[in-house]
Amino acid sequence: MNTIRKTLIIGMTVLGLGTGAAFAADTPAPGRHGQALTQEQRAAKMAERQAKFQEMMAKHQAALHDKLKITAAQEPAWNAYLAATAPKLPAARPDRAALAQLSAPERAEKRLEMHKQMLARQETRLAALKTFYAQLTPEQQKTFDEAAKRMHGRFGGHRGHGGGHGGAMMRHG
């Protein structure tokens, strides 16, 4: 269950990065000395953030691979798990002007479709997790579970009484 939470956290992080880029494209971001950034500058900053995120993910994955002591026989399952759980950039956000022209039920249908797509990605990740987890020895499963708990605590832990947005989401997911 904790690994699902970790995967969801990673997916939401990437979704947040993609959403941030979409909003940044709509609103001029202040640059140096109050100047608005150009679209190219915003794209360059986003590419830099994505590269840093990918680097961080690669480090975490390598560390987990080493902690689990993945065997040669388990390597294909590990690679399939990573491929299935890799964060995907969200599709481009719909144009705000086009959304404004839709009726309330039509906008709700668009939101529902986006949620269905996110749910389908989560179901794919869960299936990959179950397949990979079944390949692990009991000792490796324990190590994997502990690593997932630490990730949950780092990104989805309690934040006050009501929990933060991510915390509440993770506890109920």
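Worth saying up front: this structure is predicted, and the values here are computed from it rather than measured.

**Let's talk about the overall build of the protein chain**
Okay, so step 1: Counting secondary structure elements, the protein chain contains 7 helices and 0 strands.
Okay, so step 2: Along its sequence from the N terminus, the protein chain presents helices and strands in the succession α-α-α-α-α-α-α.
Okay, so step 3: Residue pairs in contact within the protein chain that sit at least 24 positions apart in sequence constitute 65% of those at least 6 positions apart.
Okay, so step 4: A total of about 11300 Å² of accessible surface is found on the protein chain, and carbon and sulfur atoms cover 59% of it.

**Let's talk about helix α2 (residues 39-68)**
Okay, so step 1: Over its 30 residues, α2 runs 43 Å from end to end, which matches the ideal 44 Å to within 8%, given 1.5 Å per residue.
Okay, so step 2: All of the buried residues in α2 are Arg42, Met46, Phe53, Met57, Leu64, His65 and Leu68.
Okay, so step 3: Positioned one or two residues after α2, Lys69 has a phi angle of 55°, which is positive.

**Examining the confidence of the model for the protein chain**
Okay, so step 1: Taken residue by residue, the protein chain gives an average pLDDT of 77. The fraction at 70 or more is 64%.
Okay, so step 2: Throughout residues 156-173 the model reports pLDDT below 50, and contacts reaching past four residues in sequence, or to other chains, amount to 23 contacts.

**Overview of the pattern of salt bridges**
Okay, so step 1: In total, this model carries 3 salt bridges according to the counting rule given.
Okay, so step 2: Two residues, Lys59 and Glu55, come together in a salt bridge whose shortest N-O distance is 3.6 Å. Separated by 4 residues within a single helix, Lys59 and Glu55 lie in helix α2, roughly one turn from each other.
Okay, so step 3: A salt bridge links Glu146 to Lys149; the shortest N-O distance between them is 3.5 Å. With Glu146 and Lys149 both in helix α6 (residues 138-156) and 3 residues apart, this pair spans about one turn of that helix.

**Here we look at the nonpolar core**
Okay, so step 1: Listed in full, the 12 residues of the largest apolar core are Leu64, Leu68, Ile70, Ala77, Trp78, Tyr81, Leu82, Leu129, Phe132, Leu136, Phe144 and Ala147.
Okay, so step 2: Of all the secondary structure elements, the ones that give two or more residues to this core are α2, α3 (75-85), α5 (104-135) and α6.
Okay, so step 3: The greatest single-element share of this core, amounting to 4 residues, is contributed by α3.
Okay, so step 4: Setting aside its immediate chain neighbours within four residues, Leu68 contacts Trp78, Phe132, Gln140, Thr143 and Phe144.

**Section: unusual backbone geometry**
Okay, so step 1: Even without being a glycine, Lys69 presents a positive backbone phi close to 55°.
Okay, so step 2: When you line up the elements, Lys69 lands in the loop between α2 and α3.

**So, the environment of Asn79**
Okay, so step 1: Residue placement: Asn79 occurs in helix α3.
Okay, so step 2: Relative accessible area serves as the criterion here: at 41%, Asn79 is assigned to the partly exposed category.
Okay, so step 3: Here the alpha-carbon distance between Asn79 and Phe132, two residues 53 residues apart in the chain, equals 9.2 Å.

**What about the packing of aromatic side chains?**
Okay, so step 1: Evaluated as defined, the whole model comprises 6 aromatic pairs.
Okay, so step 2: Their ring planes at 75° and their centres at 6.0 Å tell us that Tyr133 and Phe144 sit as a pair that is edge-to-face. Of this pair, Tyr133 sits in helix α5 while Phe144 sits in helix α6, and the two are 11 residues apart along the sequence.
Okay, so step 3: A network of ring pairs unites the aromatic residues Trp78, Tyr81, Phe132, Tyr133 and Phe144 as a single cluster.

**Let's talk about α5**
Okay, so step 1: Between the first and last C-alpha of α5 there are 47 Å, a value that for 32 residues agrees with the 46 Å anticipated at 1.5 Å per step.
Okay, so step 2: Turning to α5, its buried residues number three or more, namely Gln122, Arg125, Ala128, Leu129 and Phe132.

**Quick notes on the environment of Thr143**
Okay, so step 1: Locating Thr143 in the fold gives a position in helix α6.
Okay, so step 2: The exposure class assigned to Thr143 is partly exposed, which follows from its relative accessible area of 24%.
Okay, so step 3: Along the backbone, Thr143 and Leu68 are 75 residues apart, and their C-alpha atoms lie at a distance of 6.4 Å.

Parameters at a glance
- Residues numbered from 1 in each chain as written.
- Predicted model: local features only at pLDDT ≥ 70, side-chain atom pairs only at ≥ 80, totals over all residues.
- Heavy atoms only, no water.
- Helix = DSSP H or I, 4+ residues; strand = E, 2+ residues; numbered from the N terminus.
- Contact = heavy atoms within 4.5 Å.
- Areas by Shrake-Rupley, 256 points an atom, 1.4 Å probe, with all protein chains shown as cover.
- Expected span 1.5 Å × (residues − 1).
- Buried < 20%, exposed > 50% of the residue type's maximum accessible area, 1.4 Å probe, protein only.
- pLDDT = per-residue confidence, 0-100.
- Salt bridge = Lys/Arg side-chain N within 4 Å of Asp/Glu carboxyl O.
- Core = buried A, V, L, I, M, F, W, Y, C linked by side-chain atoms within 4.5 Å.
- Phe/Tyr/Trp six-rings, centres within 6.5 Å; stacked < 30°, edge-to-face > 60°.

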